[in-house]
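What follows is each chain in one-letter form.
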Amino acid sequence: MGLVPTMGSLHEGHISLVEKSTSQNGITAVSIFVNPTQFNEKQDFESYPRNLDDDLDILARFPVDIVFAPPAKEIYPKPDTRVFDFGGLDRIMEGEHRPGHFNGVAQVVSRFFEIITPDRAYFGEKDFQQMVIIRKMVLDLKSSVRIIGCPIIREENGLAMSSRNRLLSAGERNSAARIHKALTLAKEKAGEVEIPRLIEQTIQFLHEDPRLKTEYFEIIDDQNLKPLSHWSSAGGKRACIAVKIGNVRLIDNMDFSF
Ligand code: AMP
């Protein structure tokens, strides 16, 4: 059995995970659950798009066997007080800007693994830090679930697909395309321009559009997520970014290994 955990408002990014699961498993389950414990801002939780009827219509077009869309009180009959130790993987980037976020993600994902007992679970590289942290959680819990990573699916203009894109106006959507452009431009200079200078130039490029506010842009080791300051360090590298456009917060990343 394959499990595709989602928060709904499905788009082609989610569908790519569903298709990978249906191609690799006899049974595919998709969960749709806007998990309250992973939101650190009430406003973000409340404005998160919810479209269960549309989601069910979309999933009906695929050989999905189970849709699991429980009410929150079924998942958390009493408050979940478990605290996970991610060995520091959660202290930077998303973890730094969204305190408690990854603990909430681990709470819900571990609950779903217990309830659904999948053999494989599908996670998008769109949420790169989340994928690395879930792999760590699975190791620590000695869970037998295999975590399958899936590449980022993008709009034609390069914007990484996200349920939150629905909250953008047409103008903001145009501005948001600059995020992918910035990553692409930075990648062209990877290994040539020193990392701190490249980070500075990239943020400068993003802020040429006054709608964009960069929360972080880091070039990290893709195993331990440590921010890098030299290209000479061994191992895979990834550029990770979070940008705010109005009230909408978008994340993206790109493989910078060479
Ligand atoms: P979400 O509903 O945003 O929690 O996402 C559910 C799963 O879909 C996560 O594993 C995400 O990383 C993945 N996902 C979301 N957007 C994309 C995308 N554009 N490309 C690939 N995977 C994605």
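Quick look at the structure, then. Just so it is clear, the structure is predicted and the values come from calculations on it, not from any experiment. (Residues numbered from 1 in each chain as written. Predicted model: local features only at pLDDT ≥ 70, side-chain atom pairs only at ≥ 80, totals over all residues. Heavy atoms only, no water.)

## Thoughts on the overall build of the chain
Right, on to step 1. Looking only at helices and strands, the chain features nine helices and eight strands.
Right, on to step 2. Across its three principal directions, the C-alpha atoms of the chain cover 50 × 40 × 35 Å.
Right, on to step 3. Counting across all 258 residues of the chain, residues that qualify as buried make up 53%.
Right, on to step 4. The contacts of the chain with a sequence gap of at least 6 include a subset with a gap of at least 24, amounting to 71%.
Right, on to step 5. If you sum the accessible surface of the chain, you get close to 12600 Å²; carbon and sulfur atoms cover 50% of it.
Right, on to step 6. Put simply, the chain has 32 plus and 36 minus side-chain charges, and the middle of one group is 2 Å from the middle of the other. (Helix = DSSP H or I, 4+ residues; strand = E, 2+ residues; numbered from the N terminus. Buried < 20%, exposed > 50% of the residue type's maximum accessible area, 1.4 Å probe, protein only. Contact = heavy atoms within 4.5 Å. Areas by Shrake-Rupley, 256 points an atom, 1.4 Å probe, with all protein chains shown as cover. Lys, Arg positive; Asp, Glu negative; His and termini not counted. Charge placed at Lys NZ, Arg CZ, Asp CG, Glu CD.)

## Focus on the layout of surface pockets
Right, on to step 1. For the second largest pocket, the calculated volume is near 230 Å³.
Right, on to step 2. The wall of the second largest pocket is formed by 15 residues, among which I32, F33, V34, R50 and P70 lie closest to the centre.
Right, on to step 3. Of the residues assigned to the lining of the second largest pocket, the class counts are 11 nonpolar, two polar and two charged. (1 Å grid on protein atoms, 1.4 Å probe; cavity = no way out; pocket = protein on both sides within 12 Å on 5 of 7 lines; lining within 4 Å. Points joined across faces, edges and corners; volume = space filled by probe spheres on them. Nonpolar A, V, L, I, M, F, W, Y, C, P; charged D, E, K, R; others polar.)

## Quick notes on the pattern of salt bridges
Right, on to step 1. Scanning the entire structure with this criterion turns up 13 salt bridges.
Right, on to step 2. Here D252 and R154 are joined by a salt bridge, their closest N and O atoms 2.9 Å apart. In this pair, D252 sits in strand β8 (residues 248–255) while R154 sits in the loop between β5 (146–150) and α8 (170–188), placing the two residues 98 residues apart along the sequence.
Right, on to step 3. Accessibility expressed as a relative area gives 23% for R154, which makes it partly exposed.
Right, on to step 4. Here R249 makes a salt bridge to E215, at a shortest N to O gap of 2.7 Å. Pair noted here: R249 is in strand β8 and E215 is in strand β6 (residues 212–221), with a separation of 34 residues, a long-range link.
Right, on to step 5. What makes R249 buried here is its relative accessible area of 16%.
Right, on to step 6. Bridged by salt links that share partners, the residues D44, R98 and R164 form one connected network. (Salt bridge = Lys/Arg side-chain N within 4 Å of Asp/Glu carboxyl O.)

## What to know about the site of the ligand
Right, on to step 1. Contacts to the ligand come from 17 residues, most closely from M7, H14, D127, I153 and M161.
Right, on to step 2. Across the complex, the protein chains shield 93% of the 480 Å² of accessible surface that the ligand would expose by itself.
Right, on to step 3. Put simply, the parts of the chain that give the shell around the ligand at least two residues each are β1 (2–6), α1 (12–24) and β4 (120–124).
Right, on to step 4. Considering every element that reaches the shell around the ligand, the biggest residue donor is α1, with three residues. (Near = heavy atom within 4 Å.)

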